[in-house]
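Working through the structure, step by step
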Amino acid sequence: EADIYQTPRYLVIGTGKKITLECSQTMGHDKMYWYQQDPGMELHLIHYSYGVNSTEKGDLSSESTVSRIRTEHFPLTLESARPSHTSQYLCASSDGTRAWEKLFFGSGTQLSVL
Amino acid sequence: ILNVEQSPQSLHVQEGDSTNFTCSFPSSNFYALHWYRWETAKSPEALFVMTLNGDEKKKGRISATLNTKEGYSYLYIKGSQPEDSATYLCASCTGKLIFGQGTTLQVKP
């Protein structure tokens, strides 16, 4: 069973609020990812990290930011939430050096911005 | 094919039926094909990672095949059970993972 945790599971918040979605893994994986999924759509990569102090933007443009100060922790922050940010956010991690290693996912955060 | 496409989008079967889904992906710059199972209120869980043309993988009643030359993979479920109800995602790795929209399977008892 994967040891990757996301909190909160659900978040309903008003426009303009600052929010941080937490993601932690206890597997010692160097690679971590944030995906965004709108209903009925594909998972889209918005941020990734290949190690401490390494962060990159993914394929889908996002107003969110991430940080990787510790191997196990990869939080995502929205400085000012808007209704367009309403979506499901999934955190994942992977091990190994090969590009195609399988992902271990958290259970996701369903964000609703009113 | 520029994107990863899955069909059908959804499927309803009776318990005991066998079923299969398709994942189509770009065949150029191919590294690997992933299949994930995503049950409601749970995390997506990796089923298979396949890299070689002709690969076949099996896990219990679920199996998958891979054709990298024509860019498709099939996922088969033999004797579907209600606990197989989930969304099945495929993802093609061309250096980065590109996901399909998923096939949602409902197995009726």
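Residues numbered from 1 in each chain as written. Chains lettered and ligands numbered in written order. Predicted model: local features only at pLDDT ≥ 70, side-chain atom pairs only at ≥ 80, totals over all residues. Heavy atoms only, no water.

1. As for the sheet that holds strand E6 (residues 56–59) of chain B
All names here are of chain B. Test applied: By the convention used here, strands pair only if DSSP detects at least 2 bridges between them. Strands are runs of DSSP state E lasting at least two residues, helices are runs of H or I lasting at least four, and both sets are numbered from the N terminus onward. The angle between two axes is taken between their N-to-C directions and runs from 0 to 180 degrees, where each axis is a line fitted to C-alpha atoms and a helix contributes only its stretch in contact.
The antiparallel open sheet is built from 5 strands, whose spatial order is E1-E3-E8-E7-E6. The open sheet is flanked by strand E1 (5–7) and E6, the only strands paired with a single partner. The sheet shows a mean angle of 15° between the axes of neighbouring strands, taken without regard to direction.

2. So, the pairing of strand E4 (residues 31–37) of chain A
Residue and element names in this part refer to chain A. This is how the line gets drawn: Under the scheme applied here, a residue whose accessible area is under 20% of the maximum for its type counts as buried, over 50% as exposed, and between as partly exposed, the area being computed with a 1.4 Å probe on protein chains only.
Among the 7 residues in E4, 7 count as buried, and that is most of the element. Side-chain alternation along E4 places Lys 31, Tyr 33, Tyr 35 and Gln 37 on one buried face and Met 32, Trp 34 and Gln 36 on a second face that is also buried. Pairing analysis gives 7 bridges linking E4 to strand E9 (residues 87–94), with the strands arranged antiparallel. The residue bridging Tyr 35 from the neighbouring strand is Leu 90, located in E9.

3. Overview of the interface of chain A and chain B
This is how the line gets drawn: By definition, residues are in contact when any of their heavy atoms lie within 4.5 Å. A 1.4 Å probe defines the accessible area here, and the buried area is the portion of it lost by two parts on being joined, summed over both. One side-chain nitrogen of Lys or Arg within 4 Å of one carboxyl oxygen of Asp or Glu is enough to make a salt bridge. Pairs of N or O atoms within 3.5 Å make up the polar contacts considered here, provided that, within protein, one atom can donate a hydrogen while the other can accept it, and that residues adjacent in sequence are counted only when both atoms are side-chain atoms. The classification used treats Ala, Val, Leu, Ile, Met, Phe, Trp, Tyr, Cys and Pro as nonpolar, Asp, Glu, Lys and Arg as charged, and all other residues, Gly among them, as polar.
Contact residues are listed per partner, giving 18 residues for chain A and 21 residues for chain B. For the chain A and chain B pair, buried surface summed over both sides reaches about 1,600 Å², with 63% attributable to carbon and sulfur atoms. Taken together, the links from chain A to chain B amount to 1 salt bridge. Note that B:Lys96 and A:Asp59 form a salt bridge whose closest N and O atoms lie 3.0 Å from each other. The tally of links between chain A and chain B comes to 7 residue pairs in polar contact (both at pLDDT 80 or more). Contributing elements (two or more residues each) for the side of chain A that touches chain B: E4 and E9 of chain A. A per-class count over the side of chain A that touches chain B returns 8 nonpolar, 5 polar and 5 charged.

4. Thoughts on the sheet that holds strand E3 (residues 19–25) of chain A
All names here are of chain A. What the 4 strands build is an open sheet, ordered E1-E3-E8-E7; its pairing is antiparallel. The open sheet is flanked by strand E1 (4–7) and strand E7 (65–66), the only strands paired with a single partner. Two strands pair when backbone bridges link them, and E3 and strand E8 (residues 76–78) are joined in this way by 3 bridges, in the antiparallel orientation. Looking at E8, one finds that Thr 20 is bridged to Thr 77.

5. Quick look at the pattern of salt bridges
Residue and element names in this part refer to chain A. Applying the stated criterion to the full structure yields 6 salt bridges over all chains. Notably, a salt bridge pairs Arg 70 with Glu 72, separated by 3.1 Å at the nearest N-O pair. Residue class for Arg 70 comes out partly exposed when judged on its relative accessible area of 43%. You can call Glu 72 partly exposed: its relative accessible area is 33%.

6. Here we look at the state of the cysteines
Short version of the rule: When two cysteine sulfur atoms lie within 2.5 Å, the pair is treated as a disulfide.
If you walk through the whole model with that rule in mind, you get 2 disulfides over all chains. Each sulfur in the disulfide pair A:Cys23 and A:Cys91 lies 1.9 Å from the other. Handedness of the A:Cys23-A:Cys91 disulfide follows from its S-S torsion of about -75°: it is left-handed. In this pair, A:Cys23 sits in strand E3 while A:Cys91 sits in strand E9, placing the two residues 68 residues apart along the sequence. Considered together, A:Cys23 and A:Cys91 belong to a single accessibility category, that of buried residues. At a sulfur-sulfur separation of 2.0 Å, the disulfide partner of B:Cys23 is B:Cys90. The disulfide joining B:Cys23 to B:Cys90 has a torsion of about 75° about its S-S bond and is therefore right-handed.

7. Some words on the packing of aromatic side chains
Two aromatic rings are characterised by how far apart their centres lie and by the angle between their planes. Residue and element names in this part refer to chain B. Definition in use: Think of it this way: a Phe, Tyr or Trp ring, Trp meaning its six-membered ring, pairs with another when their centres are within 6.5 Å, and the plane angle makes it stacked under 30 degrees, edge-to-face over 60, tilted otherwise.
Scanning all chains against the criterion turns up 12 aromatic pairs over all chains. Measuring from ring centre to ring centre gives 5.3 Å for Phe 21 and Tyr 88, while their planes differ by 45°; the resulting arrangement is tilted. Of this pair, Phe 21 sits in strand E3 (residues 19–24) while Tyr 88 sits in strand E9 (residues 86–93), placing them 67 residues apart in sequence. With relative accessibility at 0%, the residue Tyr 88 sits in the buried group. Ring centres of Phe 25 and Phe 30 lie 5.1 Å apart, and the angle between their planes is 25°; this geometry places the pair in the stacked category. Overall, Phe 25 belongs to the buried group, its relative accessible area being 1%.

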